[in-house]
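So the chains spell out like this:
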Amino acid sequence: MKFLHDLWRSQSEFVRTFGAMTLFFFQLLRYSPSTLVRRFSLVVAQIFNAGALSIVIIMVSGLFVGGVLGLQAFANLERFNAEEATGILAGFALVKEIGPVITALLFAGRAGTALTSEIGLMKATDQLSAMEMMAVNPMQRVFVPRFLGGIIAMPLLTAVFTMVGLLGAHLVAVELLDVDVGAYWQQLQQAMELDDVYEGITKSIVFGFVASLIAVWEGYNSVPTPEGVGRATTRTVVSTAIAVLILDFMITAYLL
Amino acid sequence: MTFHRGAITSIMGPSGTGKTTLLRLIARQLHPDRGHILIDGVDVAGLSQSGLYALRKRIGMLFQNGALLTDLSVFENVAFPLRAHTRLGERLIRLVVLTKLHAVGLRGAADLMPSELSGGMARRVALARAIVMDPDILIYDEPFVGLDPISMGVIVRLIRRLNDTLGISSIVVSHDLKEIAAVSDQSFLLSDGAAVASGSPEELKQNDTEMVRQFMHGLPDGPVAFHYEAPDYSQQLLDQGTP
């Protein structure tokens, strides 16, 4: 009986949180157009915060992920005398899967946590209440610019990650392992369709929405104490990682 | 409870009796379950979002820790309400902000960031921000907490001076008796969510009710018990089974 009661409690809690989050999401959407028009400078500042400040970690990770893909692809394809196809393997993996997914995970770790803790601290130090008391809607001043900044930054970061990754794979395969450079790029170019690129772009846009929403929501919903903010920051990373990986599977299955 | 126009009214009471809740109700950051809050005869609870925001432009609020926006400089913090609600030009904004900062003695700190301020300075900046829109009502949430005696004296004098020169109605929540006595025209004592006594600070000191006496004279035991609710002492010590 207690078990059923607990189950019911946790389920209704989940539904309540999910409902509140959905309402929050609609609020964000509702204020997005006006914020874009009237407070564009705030959005730009947040694109800088979420995007430009993440670029180092994105590029370094991209270079090494691309390199390791090149290594693995080469090692396995060599057995079939197909090492020219290294480019295809590494390229497809990067453009369609690894690029969007790892970028989203890195984004959650670098930009998502920053967003959550910043908003959580603003809440804990009454800055959000102060704004409301000054008749300024925190939605327009705080939440929506950060949300939009994340959405815009994510596809751009994904593009950077994928390009640097391709460069890393090229360096390993062509410069290090002596795959013929012409064959390497020509095979990749022939095999890859525009649809494959679209799939990567679609994913990065969806991940941008999800990662930004979770980061901003967790900050908004955090318990306004030091430990509450810390816990919210952790939740941002965990929830984003799970959501991104599940969505990645669903989008891939749908587009196949 | 009635708050008079142009007067400084203080709300006192032990921790957890609903002082801050009352402030948040007045500013409608919280919705009342029962009862009404009238400002100039208008029920706050019935206001629409735009009506509420119009009301809040007439209310300045000083938060306990200042609640300055950490990503903006002192100048920009004070300019924030002006930029949000007026179409004043840059020169006029500068003029107004510097005047208000001068009033709290921090004109020289305009370019500092909130993280570079001491607690007392942050609160004075927040005060400058609260009066920048020339409000009719100024609400102070625990303005004396955690200040050294000098900063405390400064704040006390500022509250009095701002109230008298700008013709503001002030509401001060605090439990610092000495400071309250120095500034307020009228006081309410809250206990368990209700006002148990009111009057000038002097009158309250004379008040004979048990609750008021305990609070005004800082007695450790009384209606507000020293011991948190617990099972019988000897029983619990002898009872080894339960912790």
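Residues numbered from 1 in each chain as written. Chains lettered and ligands numbered in written order. Predicted model: local features only at pLDDT ≥ 70, side-chain atom pairs only at ≥ 80, totals over all residues. Heavy atoms only, no water.

This next bit is on the overall build of chain B. Looking only at helices and strands, chain B features 10 helices and 8 strands. By principal-axis analysis of the C-alpha atoms, chain B measures approximately 75 × 40 × 40 Å. Of all 243 residues assigned to chain B, the portion counted as buried reaches 46%. Contacts in chain B between residues far apart in sequence, at least 24 positions, make up 63% of those at least 6 positions apart. When the accessible area of chain B is evaluated, it comes to approximately 12,900 Å², of which 53% is carbon and sulfur surface. (Helix = DSSP H or I, 4+ residues; strand = E, 2+ residues; numbered from the N terminus. Buried < 20%, exposed > 50% of the residue type's maximum accessible area, 1.4 Å probe, protein only. Contact = heavy atoms within 4.5 Å. Areas by Shrake-Rupley, 256 points an atom, 1.4 Å probe, with all protein chains shown as cover.)

Moving on to the overall build of chain A. When its secondary structure is counted, chain A shows 9 helices and 0 strands. The order of helices and strands in chain A, counted from the N terminus, is α-α-α-α-α-α-α-α-α. Summarising its shape, the C-alpha atoms of chain A cover approximately 70 × 55 × 30 Å along the three principal directions. For chain A, long-range pairs separated by at least 24 residues make up 83% of all intrachain contacts whose partners lie at least 6 apart in sequence.

Residues and elements named next belong to chain A. Counted according to the given criterion, the structure contains 11 aromatic pairs over all chains. Pairing Trp217 with Tyr220 gives two aromatic rings, centres 5.9 Å apart and planes at 45°, and the pair type is tilted. In this pair, Trp217 and Tyr220 both sit in helix H8 (residues 194-221), 3 residues apart, roughly one turn of the helix. A relative accessible area of 4% places Trp217 in the buried class. An aromatic cluster of at least three residues, connected via ring pairs, comprises Phe24, Phe143, Trp217 and Tyr220. (Phe/Tyr/Trp six-rings, centres within 6.5 Å; stacked < 30°, edge-to-face > 60°.)

On to the pattern of salt bridges, then. All chains considered together, the criterion is met by 18 salt bridges over all chains. Residue Lys100 of chain B pairs with Asp134 of chain B through a salt bridge whose shortest N-O separation is 2.8 Å. Placement of Lys100 of chain B in helix H4 (residues 90-103) and of Asp134 of chain B in the loop between helix H5 (119-131) and strand S5 (137-141) is noted, with a sequence separation of 34 residues between them. According to the relative accessible area criterion, Lys100 of chain B is buried, its value standing at 12%. Because the salt bridges share partners, they merge into one network encompassing Lys96, Glu97, Asp196, Glu199, Lys203 and Asp248 of chain A. (Salt bridge = Lys/Arg side-chain N within 4 Å of Asp/Glu carboxyl O.)

This part takes up the interface of chain B and chain A. Listed by partner, the interface residues are 21 residues for chain B and 13 residues for chain A. A buried area of about 1,600 Å², summed over both sides, lies between chain B and chain A, and 59% of it is on carbon and sulfur atoms. In this structure, the connection of chain B to chain A is made through 1 salt bridge. In this structure, the salt-bridge partner of Asp126 of chain A is Arg24 of chain B, at a minimum N-O distance of 3.5 Å. Put simply, chain B and chain A have 5 residue pairs in polar contact (both at pLDDT 80 or more) between them. The element that contributes the greatest number of residues to the side of chain B that touches chain A is helix H3 (residues 74-85) of chain B, accounting for 4 residues. (Buried area = accessible area lost by both parts, 1.4 Å probe. Polar contact = N/O pair within 3.5 Å; in protein donor to acceptor, adjacent residues only side chain to side chain.)

We now examine helix H6 (residues 149-166) of chain B. Residues and elements named next belong to chain B. Helix length check: H6, at 18 residues, gives a terminal C-alpha distance of 25 Å against a target of 26 Å (1.5 Å per residue), a fit within 8%. Looking only at H6, the buried set comprises Ser151, Met152, Ile155, Val156, Leu158, Ile159, Leu162 and Asn163. One side of H6 holds all its buried residues, which, seen down the axis, span an arc of 160°. Within H6, the exposed residues directed more than 90 degrees away from the buried face are Pro149, Ile150, Arg157 and Thr165. Buried residues along H6 sit against strand S1 (8-12), H4, H5, S5, strand S6 (169-173) and helix H7 (177-183). For H6, the side-chain oxygen to backbone nitrogen distance between the N-cap and Ile150 is 3.1 Å, and the N-cap itself is Asp148. (Expected span 1.5 Å × (residues − 1). Arc of directions from axis to C-beta.)

Bringing unusual backbone geometry into the picture now. Here the phi dihedral of Asn81 of chain A falls at roughly 55°; this positive angle occurs in a residue that is not glycine. Structurally, Asn81 of chain A can be placed in the loop between helix H3 (55-77) and helix H4 (86-124).

Packing of H4 of chain A against helix H6 (residues 138-176) of chain A brings their axes to within 7 Å, and their N-to-C directions diverge by 145°. Crossing of H4 of chain A against H6 of chain A: the hand is right-handed. (Axes fitted to C-alpha atoms, helices over the stretch in contact; angles between N-to-C directions. Left-handed = near helix turned anticlockwise from the far one by under 90°.)

Before going further, it helps to spend a moment on a nonpolar patch on the surface. All names here are of chain A. Together, Phe26, Leu29, Leu194, Val197, Tyr198, Ile201, Ile205 and Phe209 make up a nonpolar patch on the protein surface, roughly 700 Å² of accessible area in all. Elements with a minimum of two residues in the nonpolar patch: helix H1 (2-38) and H8. Ranked by residue count, the leading element in the nonpolar patch is H8, at 6 residues. On the secondary structure map, Phe209 appears in helix H8. What makes Phe209 partly exposed here is its relative accessible area of 32%. (Patch = residues over 30% accessible without salt bridge, like charges linked within 9 Å, V, L, I, M, F, W, Y side chains within 5 Å.)

A few words on the layout of surface pockets. A water-sized probe, rolled over the atoms, reveals where empty space remains. Considering only enclosed or pocket space, the largest pocket measures out at about 960 Å³ in volume. Around the largest pocket sit 34 residues that line it, and Met1, Phe3, Leu22, Ile26 and Ile37 of chain B are the ones nearest its centre. Where the lining of the largest pocket is concerned, the elements lending two or more residues are helix H1 (19-26), strand S2 (38-39), S6 and strand S8 (194-199) of chain B. The biggest single contributor to the lining of the largest pocket is H1 of chain B, with 4 residues. Split by residue class, the lining of the largest pocket holds 15 nonpolar, 13 polar and 6 charged. Here the second largest pocket defines a volume of roughly 750 Å³. Along the walls of the second largest pocket sit 25 residues, with Glu132, Asn137, Pro138 and Tyr220 of chain A together with Gln29 of chain B positioned nearest its centre. A per-class count over the lining of the second largest pocket returns 12 nonpolar, 6 polar and 7 charged. (1 Å grid on protein atoms, 1.4 Å probe; cavity = no way out; pocket = protein on both sides within 12 Å on 5 of 7 lines; lining within 4 Å. Points joined across faces, edges and corners; volume = space filled by probe spheres on them. Nonpolar A, V, L, I, M, F, W, Y, C, P; charged D, E, K, R; others polar.)

Here we take up the sheet that holds strand S4 (residues 59-62) of chain B. All names here are of chain B. With mixed pairing, the 6 strands of this open sheet are ordered in space as S4-S5-S6-S1-S7-S8. Strand pairing shows two members of the sheet lacking a second neighbour, S4 and S8, which therefore form its edges. Sheet twist, expressed as the mean angle between neighbouring strand axes with direction ignored, is 20°. The pairing of strand S7 (residues 186-191) with S8 spans 5 bridges and is antiparallel. Considered in S8, the bridge of Leu190 is made with Ala195. Helix-sheet contacts for H5 involve S4 and S5, and the interaxial angle to S4 is about 170°. (Pairing = 2+ DSSP bridges.)

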